[in-house]
Amino acid sequence: MNTYVTGAVSALSMIVATSALAEPTAEVLHYWTSGGEAKSVAVLQKEFADKGGSWTDMPVAGGGGDAAMTALRARVLSGNAPTAVQLKGPAIQEWYEEGVLADISSVAEANDWETVLPASIAGHMKCEGTWCAAPVNVHRVDWIWANAEVLNANGIEMPTTWDEFNAAADKLQEAGIIPLAHGGQAWQDATIFEAVALGILGPDGYRKAFVELDNETLTSDAMIAVFDQMRTLRGYVDSNFSGRDWNLATSMVMNGEAAFQIMGDWAKGEFMAAGKVPGEDFLCASAPGEGFLYNVDSFAMFDVDGDDKKAGQELLAELVVGQNFQKVFNLNKGSIPARTDVALDEFDDCARLSADDMQASSDSDALLPSYAHGMALRGAQAGAITDVVTAHFNSDMSSADAVQMLADGIANSM
């Protein structure tokens, strides 16, 4: 071998060795800043450090992630993107279209993500066929929570249809109990609306309306029925609901002031933090109808320079979807693992029910993205829907007028 070739081989060996020995580093931008959330992300930091990684934490509080997105845009525009960012739903694809996301397919393929993740959820993590994000958890949105003692005292079972819910609510109202605890905030209105829509439209109708934006479905008699049920639910809410935070509505169910709340599984965290026991102090059931509405937290990986940052991305992606983190994180967060092969022995009954329903809904093509929580649609279209939902809920607008306004609003947002 001549001197030139020998030198080239030696140089290549040094590059490979340097890359292999690069200390994994990760600068992680997220908006998990509340007590339970901060505790959950600390689990990931520890696992990363235990594997020899160096983690730089970038928590940005405020606005349900809006402040974090403002910070992210500034970093990307300056050419200094973080290693990983908490993103979800269509926001992942929007950043991919900007040409700034990394390809982590090698990690996904090595760890068989295609097999262990439900197909619907895996779809959100891919950008034109390549893996660009890693799912952390699955929050179910379409839950009904109830005070067990209040229901028992009034001879009421957990409702399985909206007619049963209405009958139970009428009975509770006559007994002087607020049937439905609710906070008059736009996203809370939207959360109830999509649960009602799934129950009345069915999984296929929900997909056509709130994923495909099919005008025929949006203007159908079934959609009028959805708004009719929303009008009925408005009559079961107390007069002081305007502006109430969701956790205060949960407290109303806890203390027996109200019987039911329709809210995602983060409400369970409030019950558990107060020492309440599922199945004894409070009850959980899916909202009436078939299907499962999900909100998935995930980390998108941004295009970065440097072997240390690339190694950090690969390690972070592997840990995020690893069985141990998926278990420990979701036990802290109140959600369930995105992986379908994580043992659920340590999870509560509501979480196990959620996991069973997720699998069954995935098998029947009824595992669907929440529009209200940023999984199904981009911001303009989701906002147009919620504007109509809130306007209808807080006025005497007819259901027919709401449906027409819904179709017009979506068309104008495109």
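Because the structure is a prediction, the values reported are computed rather than measured.

Student: What am I meant to see in the domain arrangement of the protein here?
Tutor: Interface size is commonly expressed as the accessible surface area that is lost when the partners come together. What the domain assignment reports for the protein is domain 1 (2-138 + 295-347) and domain 2 (140-294 + 354-413). Centre-to-centre, using C-alpha coordinates, domain 1 lies 32 Å away from domain 2. Taken together, the contact pairs 21 residues of domain 1 with 21 residues of domain 2. With both chains or domains summed, domain 1 and domain 2 bury close to 1,600 Å², and 60% of this area falls on carbon and sulfur atoms. Contact with domain 2 buries surface across domain 1, with Pro90, Asn295 and Ile336 losing the most and accounting together for 32% of the total. The tally of links from domain 1 across to domain 2 stands at 2 salt bridges. Among the salt bridges present, the one from Glu97 reaches Arg378, with a minimum N-O distance of 2.8 Å. Applying the counting criterion to the domain 1 and domain 2 interface returns 6 residue pairs in polar contact (both at pLDDT 80 or more).

Student: Just checking my understanding: could you explain the nonpolar core for this structure?
Tutor: Side chains of nonpolar character tend, in soluble globular proteins, to be buried together. Phe193, Phe210, Met223, Leu233, Phe260, Tyr371 and Ile385 are the most contacted members of the largest nonpolar core, which totals 73 residues. If you tally residues by element for this core, the top one is helix H10 (residues 186-210), at 11 residues. Contact partners of Leu233, with chain neighbours within four places excluded, come to Trp162, Phe165, Leu180, Ile192, Val196, Ile262 and Phe393. Trp32, Ala84, Ala317 and Met358 belong to the second largest nonpolar core, which has 64 residues in total.

Student: Could you clarify how one ought to interpret the sheet that holds strand E14 (residues 367-369) in this entry?
Tutor: The strands making up a sheet are joined through hydrogen bonds of the backbone, oriented either antiparallel or parallel. A sheet is described by the order of its strands in space; here 3 strands give the open sequence E7-E12-E14, paired in mixed fashion. In this open sheet, the two edge strands, each paired with only one partner strand, are strand E7 (139-140) and E14. As defined by bridge partners, E7 adjoins strand E12 (residues 292-295) across 2 bridges and the pair is classed as antiparallel. Within the sheet, the bridge partner assigned to Arg140 lies in E12 and is Tyr294. Here helix H17 (residues 349-363) sits on the sheet and contacts E7, E12 and E14; the angle it forms with E12, its principal contact strand, is near 110 degrees.

Student: Can you walk me through unusual backbone geometry in this structure?
Tutor: What you tend to see is this: most non-glycine residues have negative phi, and most peptide bonds are trans. Residues other than glycine seldom take positive phi values, yet Asp112 does so here, at roughly 60 degrees. Mapped onto the secondary structure, Asp112 falls in the loop between helix H5 (105-110) and helix H6 (113-116). The phi dihedral of Leu213 falls on the positive side, at around 55 degrees, and the residue is not glycine. Its place among the elements puts Leu213 in the loop between H10 and helix H11 (215-218).

Student: For this particular structure, what's the right way to read the sheet that holds strand E1 (residues 25-30)?
Tutor: With respect to topology, 5 strands assemble into an open sheet ordered E2-E1-E3-E13-E6, the strand pairing being mixed. Of all strands in the sheet, those bounded by a partner on one side alone are strand E2 (54-59) and strand E6 (133-135). In this sheet, neighbouring strand axes are inclined to one another by 25 degrees on average, regardless of whether the strands run parallel or antiparallel. In this sheet, strand E3 (residues 84-87) lies alongside E1 in parallel orientation, the contact comprising 2 bridges. Bridge assignment links Leu29 to a residue of E3, and that residue is Val85. Seen against the sheet, helix H3 (residues 66-77) touches E1, E2 and E3 and runs at an angle of roughly 145 degrees to E3.

Procedures and definitions
Residues numbered from 1 in each chain as written. Predicted model: local features only at pLDDT ≥ 70, side-chain atom pairs only at ≥ 80, totals over all residues. Heavy atoms only, no water. Domains from an automatic or database assignment. Contact = heavy atoms within 4.5 Å. Buried area = accessible area lost by both parts, 1.4 Å probe. Salt bridge = Lys/Arg side-chain N within 4 Å of Asp/Glu carboxyl O. Polar contact = N/O pair within 3.5 Å; in protein donor to acceptor, adjacent residues only side chain to side chain. Core = buried A, V, L, I, M, F, W, Y, C linked by side-chain atoms within 4.5 Å. Buried < 20%, exposed > 50% of the residue type's maximum accessible area, 1.4 Å probe, protein only. Helix = DSSP H or I, 4+ residues; strand = E, 2+ residues; numbered from the N terminus. Pairing = 2+ DSSP bridges. Axes fitted to C-alpha atoms, helices over the stretch in contact; angles between N-to-C directions.

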